[in-house]
Amino acid sequence: LYVLRLGRDDWLLEGGKLVSDSAGVLDFAAVEIDFPLLVAAGNDAARENRPRLSTFSFGTEWVGTDHFDIGADTDNGADLDLHRDDLIAGGSLVDATLWRRTGTAWTSMGRIAEPSPGERFGAAVARFGSLIVVGAPAGMTDELIFGNVYVGTERLSVLPHDAIEGGTRDSYGERVAAASPTRFVSPASRSAQVAYVFEQDAFGSWWESYRLQPLTATPSGFGDQLDADGSLTAIWADSDGGQLYLF
């Protein structure tokens, strides 16, 4: 794993190669950074391929600080999101799990069980402060698979989920990003070339505020990866060598 930072005129390599302290983790499936903290998930071949989280912090350079198991299912950690000292981990075959850092120690804050079987609940996860967003791209609407997104707070694990159904948003929930405590983004299928932005109003209800689309058509892959923070949303399209769209 390599970390780049934006210099005066170009992107620069920040420190050397980062590797897991656990010898069996040969690659990372997901990486998240909220400077000065970085977390990366990978499967540990030396430990029955269990998912393992490696953490790094930055002082004058990146230094490995911890590594620990984040579940028994090999798919856990396929998607991560980190906001300050709070982490959410998910995967398309597992529920979402919550973690919190106190000092240098990480503690499990519980598991968010899937509300309906077979929805691929946890395939995408995001959090921003108290907001937790979990994608379920195989969720059904009117007996058709369009995908669902579930939103709530840290107490999501013990309270009913607030489901925002896909409607006609094909494969909605495959990727999610939380831009603020009251806004999240989720693209539709790779060929739809559209991402949906939802906002929460003063009464606590969620509504589709606007849609993000590229100015020029891209063959496919719009929404393969995305991230959002405040008013900025970055969406990656894995086509024609890769294209990055900023909104």
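Everything that follows concerns the structure shown earlier in this document.
Just so it is clear, the structure is predicted and the values come from calculations on it, not from any experiment.

Engineer: I'm lost on the sheet that holds strand β19 (residues 195–200) in this one. Help?
Structural biologist: Backbone hydrogen bonds are what pair the strands of a sheet, in a parallel or an antiparallel way. Read across the open sheet, the four strands follow the order β17-β18-β19-β20; overall the sheet is antiparallel. Unpaired on one side and paired on the other, β17 (177–180) and β20 (206–212) mark the two borders of the sheet. Here the average twist between neighbouring strands, direction ignored, is 30 degrees. In terms of strand pairing, strand β18 (residues 183–187) meets β19 through five bridges, oriented antiparallel. Bridge assignment links P187 to a residue of β19, and that residue is A195.

Engineer: What is the right way to look at the pattern of salt bridges in this model?
Structural biologist: Side chains that differ in sign of charge can pair as their charged atoms come close. Under the defined criterion, the tally for this structure stands at six salt bridges. Through salt bridges with shared partners, a single ionic network connects D86, R100 and R127.

Engineer: Explanation requested: the nonpolar core in the structure shown.
Structural biologist: In summary, soluble globular proteins display a tendency toward joint burial of nonpolar side chains. V133, V149, V151 and F184 are the most contacted members of the largest nonpolar core, which totals 16 residues. Contributing elements (two or more residues each) for this core: β11 (124–128), β12 (131–136), β15 (148–152) and β19. One finds A41, F68, A89 and W99 within the second-largest nonpolar core, a separate group that totals 13 residues.

Scoring rules and cut-offs
- Residues numbered from 1 in each chain as written.
- Predicted model: local features only at pLDDT ≥ 70, side-chain atom pairs only at ≥ 80, totals over all residues.
- Heavy atoms only, no water.
- Pairing = 2+ DSSP bridges.
- Helix = DSSP H or I, 4+ residues; strand = E, 2+ residues; numbered from the N terminus.
- Axes fitted to C-alpha atoms, helices over the stretch in contact; angles between N-to-C directions.
- Salt bridge = Lys/Arg side-chain N within 4 Å of Asp/Glu carboxyl O.
- Core = buried A, V, L, I, M, F, W, Y, C linked by side-chain atoms within 4.5 Å.
- Buried < 20%, exposed > 50% of the residue type's maximum accessible area, 1.4 Å probe, protein only.

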